[in-house]
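Spelled out, the chains give:
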Amino acid sequence: MKRKKEKYQKKKKNIENENHKAKKKYGQNFLNDSNLLDEILNVANIDEETEALEIGPGLGFLTEKLIENSKFLTAFEIDDDLIPFLNKKFEKKENFKLIHQDFMEANLEKFFENKLNIKVVANIPYYITSPIINKLFEYRENIDEIYLMVQKEVAKRIASQPHSKNMSLLTHAVQFYAETEYLFTVPKEKFDPVPKVDSAFLGIKILKDKRYESQISEEKYFKYLKEAFSNKRKSIANNLMKLGFSKDVVGNALEKVGKTRLARTEEFSVQEFIDFIGILES
Ligand code: SAM
């Protein structure tokens, strides 16, 4: 009985994929595992109140679940060949809007107008992970939570904590605006076609209290951050010399925040880094 079901599912999968050859240039690795998709909906806490945004619906597996379980879903898809398929598949769904556009080119002002509490849920094309997150952060007033399938290593970096070898500029850049959580690993075999690397599902919750943004301007924070991480093997004191600070000045500031003079940037939490900048500039 089970084998028959599996055979049927395999056949069904082939039919759905038959007319569409996955395109590498659009990062197409489809995810059609019902249990995994349910798990995604579960951790993202999708319910009938949720207004969701998906980037890259692909063949619509996650899309279908999101439509079934949310109040409204808007999805952006770049691939011309998938549009007729998706329109047909979801033609009867009133709580769904498909936008045929490159998400990176889209003017989102209109989409986000009068919208609050949007949840983004997507298995994104990995080649534009950082640009997508940056673009979403521009609308952080309108977005509550972002759930993304990304490369495992990238998820580790974004959700990393001080002292970990995974700490990087990306960690601080994301954690300045949001709390991050590595939710679960997804082995590469779950995707079709099978990519080269494993993936992970990542949760990003926007800090609505503007915890860090209220203490320092984005401009200043990123100016220091870029230099502090410019060479990961060097100490922060060495890296910050480029901003005109002597080793001594940086060393004294480091001691004031409880670090050694040889400290590296990966030891810092966002709050510690902001305190450190404050002392440097005082
Ligand atoms: N969500 C589907 C799934 O889970 O099976 C597909 C995921 S696949 C990793 C990425 C999807 O994003 C593809 O459908 C691809 O065509 C689409 N895509 C790639 N670049 C895009 C862009 N710039 N804007 C919108 N969609 C894009």
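Refer to the preceding data block for the structure.
Residues numbered from 1 in each chain as written. Predicted model: local features only at pLDDT ≥ 70, side-chain atom pairs only at ≥ 80, totals over all residues. Heavy atoms only, no water.

On to helix α9 (residues 218-228). Looking at α9, one finds that the buried residues are Y221, Y224, L225, E227 and A228. Close packing links the buried residues of α9 with α8 (169-175), α10 (236-240) and α12 (270-281). (Buried < 20%, exposed > 50% of the residue type's maximum accessible area, 1.4 Å probe, protein only. Helix = DSSP H or I, 4+ residues; strand = E, 2+ residues; numbered from the N terminus. Contact = heavy atoms within 4.5 Å.)

It is worth spelling out the site of the ligand at this point. The local shell around the ligand holds 23 residues, among which Q28, G56, E77, D102 and N123 are the closest. Q28 is positioned such that a nitrogen or oxygen atom in its side chain is 2.8 Å from an oxygen atom of the ligand. Between the ligand and the protein, one listed contact pairs an oxygen atom with a backbone N or O atom of G58 at 3.2 Å. Here the ligand has 590 Å² of accessible area as a free molecule, and 99% of this is covered by the chains. Listed by contribution, the elements that provide at least two residues to the shell around the ligand are β1 (30-31) and β3 (72-77). Residues belonging to the shell around the ligand are distributed by class as follows: twelve nonpolar, seven polar and four charged. (Near = heavy atom within 4 Å. Polar contact = N/O pair within 3.5 Å; in protein donor to acceptor, adjacent residues only side chain to side chain. Areas by Shrake-Rupley, 256 points an atom, 1.4 Å probe, with all protein chains shown as cover. Nonpolar A, V, L, I, M, F, W, Y, C, P; charged D, E, K, R; others polar.)

Under the criterion given, the structure shown has 18 aromatic pairs. With a centroid separation of 4.7 Å and an interplanar angle of 15°, the aromatic rings of F112 and Y139 are classed as stacked. Placement of the pair is F112 in helix α5 (residues 109-112) and Y139 in the loop between α6 (129-137) and β6 (143-151), with a sequence separation of 27 residues. Given a relative accessible area of 2%, F112 falls into the buried group. Seen in terms of ring centroids, Y221 and F222 are 5.2 Å apart; in terms of plane orientation they differ by 90°. Their pairing is edge-to-face. (Phe/Tyr/Trp six-rings, centres within 6.5 Å; stacked < 30°, edge-to-face > 60°.)

This next bit is on the sheet that holds strand β5 (residues 118-123). In sheet architecture, strand pairing relies on hydrogen bonds along the backbone and comes in two forms, parallel and antiparallel. With respect to topology, seven strands assemble into an open sheet ordered β4-β3-β2-β5-β6-β9-β7, the strand pairing being mixed. Unpaired on one side and paired on the other, β4 (96-100) and β7 (178-186) mark the two borders of the sheet. Strand-to-strand twist of the sheet, defined as the mean angle between neighbouring strand axes without regard to direction, takes the value 15°. Looking at chain direction, β7 and strand β9 (residues 199-206) are connected through eight bridges and run antiparallel. If you follow E179 over to β9, its bridge partner there is K205. Contacting β3 and β4, helix α4 (residues 82-89) crosses the sheet at an angle of about 170° to β4. In this fold α6 packs onto β2 (51-55), β5, β6, β7 and β9, with an angle of close to 180° to the strand it touches most, β6. (Pairing = 2+ DSSP bridges. Axes fitted to C-alpha atoms, helices over the stretch in contact; angles between N-to-C directions.)

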